[in-house]
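# Geometric and topological summary
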Amino acid sequence: MKIAVLPGDGIGTEIVAEAIRVLDVLDLPFEMETALVGGAAYEAHGHPLPDSTLKLAKDSDAVLFGAVGDWKYDKLDRPLRPEQAILGLRKNLGLFANFRPAICYEELVDASSLKPELISGLDILIIRELTGDIYFGAPRGRRIAVDGHFPGAEEAFDTMRYSRPEVERIAHVAFQAARKRSKRVTSVDKANVLETFQFWKDIVTEVGKEYPDVALDHMYVDNAAMQLVKAPKMFDVIVTGNMFGDILSDEAAMLTGSIGMLPSASLNASNQGLYEPSHGSAPDIAGQGVANPLATIVSAAMMLRFSLNQPEAADRIESAVKSVLASGLRTGDIWSEGTKRVGTRAMGDAVVAALSSSITKKTITG
Ligand code: NAD
């Protein structure tokens with residue numbers, strides 16, 4: 001089992017270090033190799049995704065990724081900006097299916113900005129198409145307008161597009177995931193305005209006929225954004241395009257209390273995956289030792305389950321995280337009155353201790 005470890009920038013290095021310590025406790029036969037990515041790779045090699053890093057990622061079963069980016073790189077040409085490394089990895093590894101579970105841990109009900117009764121027991125899976133849509137569509141650029149409201153004026157444009165196979169494969173992923181849950185899929189689109197998303201809706205409906213045991217409904221993205229804060233428990237699996245999924249999954253993250261709790265997995269057709277927290281490199285708190293490492297630790301659990309076929313080890317990590325939360329430890333982003341505020345390292349220590357003690361207990365009881 002080979003894991004490429006790409007910590008990246010900002011808090012990426014701090015939180016990935018904790019996830020590695022947690023993986024080490026499991027004593028499984030992993031081969032882990034670390035490489036630079038993002039701003040750190042740009043500083044060292046002049047490119048955010050050097051060939052050597054891409055090769056390591058391609059040759060591995062899974063990539064454990066921290067985060068990339070810093071405001072100081074905002075003036076670089078777009079292809080050299082740290083965030084391009086993520087797009088490059090997604091494209092080159094064919095990571096078309098992004099899984100973002102939004103689960104509200106009972107202990108964190110008070111950390112959410114919504115009323116406890118709205119989010120207690122929340123367990124949503126957002127499946128976002130990751131390699132198409134307006135983020136990758138060509139042509140794109142700037143030009144002088146020849147038509148529109150202001151002919152002759154400077155304008156910018158992007159292209160929203162989806163092909164049939166792209167929509168079919170993400171729809172299959174969603175229906176198959178729903179079969180393992182409560183057998184409900186909501187496809188989110190903007191079919192009332194966009195041709196691309198009428199096409200999306202038609203194809204998801206077609207694919208849905210192959211899954212008669214799964215209930216399918218459709219919702220416009222503006223309504224979905226509203227329902228997520230009004231009655232989030234109405235959802236189970238949400239499947240949507242790249243841009244809508246980007247926005248809705250961050251909204252769902254906040255339902256759970258903090259973006260520092262939200263893991264993600266991005267998979268290709270052969271289950272090779274990139275696992276990362278849903279948040280960015282948080283330059284505002286980088287280097288202070290206060291970042292929440294739990295999203296990254298739970299992302300490592302997803303890696304064990306989806307790409308490395310170690311579901312029992314994944315369950316153990318998730319249980320260890322729950323027990324640490326139950327013990328009252330909190331990083332600043334999820335802290336509330338009556339709980340104990342700790343930093344990144346102490347949170348990692350606590351998960352390592354909980355995991356070690358569960359493994360010792362298992363050994364003793366045989
Ligand atoms: P961000 O997610 O980095 O931070 C948003 C807010 O959440 C900040 O206040 C931050 O302190 C807080 N936060 C994030 N993760 C946290 C954690 N684990 N523990 C505690 N608090 C946490 O988003 P941003 O500020 O918009 O972007 C910062 C940089 O990250 C930018 O350069 C952006 O492009 C990049 N970015 C990278 C990724 C990625 O690597 N996948 C994703 C999003 C943003």
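What you are looking at is a predicted structure, and each value in this text was computed from that prediction instead of being measured.

### Some details on the site of the ligand
Residues in contact with the ligand amount to 20 residues; listed here are only the nearest, Val68, Glu83, Gly280, Ala282 and Asn292. A distance of 3.1 Å separates a nitrogen atom of the ligand from a polar atom in the side chain of His279. For the ligand, whose accessible area on its own is 820 Å², the fraction buried by protein is 70%. Its residues assigned to classes, the shell around the ligand shows 9 nonpolar, 6 polar and 5 charged.

### Description of the packing of helix H10 (residues 294-306) against helix H11 (residues 311-326)
When two helices pack together, you describe them by how their axes are tilted relative to each other and by the distance separating the axes. In contact at an axis separation of 7 Å, H10 and H11 are set at 160° when each is read in the N-to-C sense. With respect to their mutual orientation, H10 and H11 come out roughly antiparallel. The handedness of the crossing between H10 and H11 comes out as left-handed. Residue-level inspection shows Leu294, Ile297, Val298, Ala301, Leu304 and Arg305 of H10 in contact with H11, the latter providing Pro311, Ala313, Ala314, Asp315, Ile317, Glu318, Val321 and Leu325. Taken together, the residues that form the contact of H10 with H11 break down as 11 nonpolar, no polar and 3 charged.

### Overview of the side chain of Arg128
With respect to the secondary-structure elements, Arg128 resides in strand E5 (residues 123-129). We classify Arg128 as buried; its relative accessible area is 2%. Ignoring anything within four residues of it in the chain, the contact list for Arg128 reads Arg90, Phe96, Ala97, Asn98, Arg100, Tyr135, Ile170, Thr240, Gly241, Asn242, Gly245 and Asp246.

### So, helix H1 (residues 12-25)
Over its 14 residues, H1 runs 21 Å from end to end, which matches the ideal 20 Å to within 8%, given 1.5 Å per residue. Where H1 ends, the next residue or the one after it, Asp27, has phi of about 55°, a positive value.

### As for the packing of aromatic side chains
Counted according to the given criterion, the structure contains 7 aromatic pairs. Ring centres of Phe99 and Phe306 lie 5.4 Å apart, and the angle between their planes is 45°; on these two criteria the pair is classed as tilted. Pair noted here: Phe99 is in strand E4 (residues 97-103) and Phe306 is in helix H10, with a separation of 207 residues, a long-range link. Overall, the relative accessible area of 29% leaves Phe306 in the partly exposed class. An angle of 40° between the planes, with centres 4.8 Å apart, marks the rings of Phe197 and Phe244 as tilted. You can see Phe197 sitting in helix H7 (residues 195-208) and its partner Phe244 sitting in helix H9 (residues 242-255), a full 47 residues away along the chain. Phe197 sits in the buried class, given a relative accessible area of 0%. With relative accessibility at 9%, the residue Phe244 sits in the buried group. Here a set of aromatic residues connected by ring pairs shows up, and it is made of Tyr162, Phe197, Trp200 and Phe244. Of note, Arg143 hangs over the ring of Phe157, and the distance from its end group to the ring centre comes to 3.6 Å. It is Arg341 that lies over the ring of Trp335; its NZ or CZ is 4.9 Å from the centre.

Cut-off values and rules
- Residues numbered from 1 in each chain as written.
- Predicted model: local features only at pLDDT ≥ 70, side-chain atom pairs only at ≥ 80, totals over all residues.
- Heavy atoms only, no water.
- Near = heavy atom within 4 Å.
- Polar contact = N/O pair within 3.5 Å; in protein donor to acceptor, adjacent residues only side chain to side chain.
- Areas by Shrake-Rupley, 256 points an atom, 1.4 Å probe, with all protein chains shown as cover.
- Nonpolar A, V, L, I, M, F, W, Y, C, P; charged D, E, K, R; others polar.
- Axes fitted to C-alpha atoms, helices over the stretch in contact; angles between N-to-C directions.
- Helix = DSSP H or I, 4+ residues; strand = E, 2+ residues; numbered from the N terminus.
- Parallel < 35°, antiparallel > 145°, perpendicular 65-115°, else oblique.
- Left-handed = near helix turned anticlockwise from the far one by under 90°.
- Contact = heavy atoms within 4.5 Å.
- Buried < 20%, exposed > 50% of the residue type's maximum accessible area, 1.4 Å probe, protein only.
- Expected span 1.5 Å × (residues − 1).
- Phe/Tyr/Trp six-rings, centres within 6.5 Å; stacked < 30°, edge-to-face > 60°.
- Lys NZ or Arg CZ within 6 Å of the ring centre and 35° of its normal.

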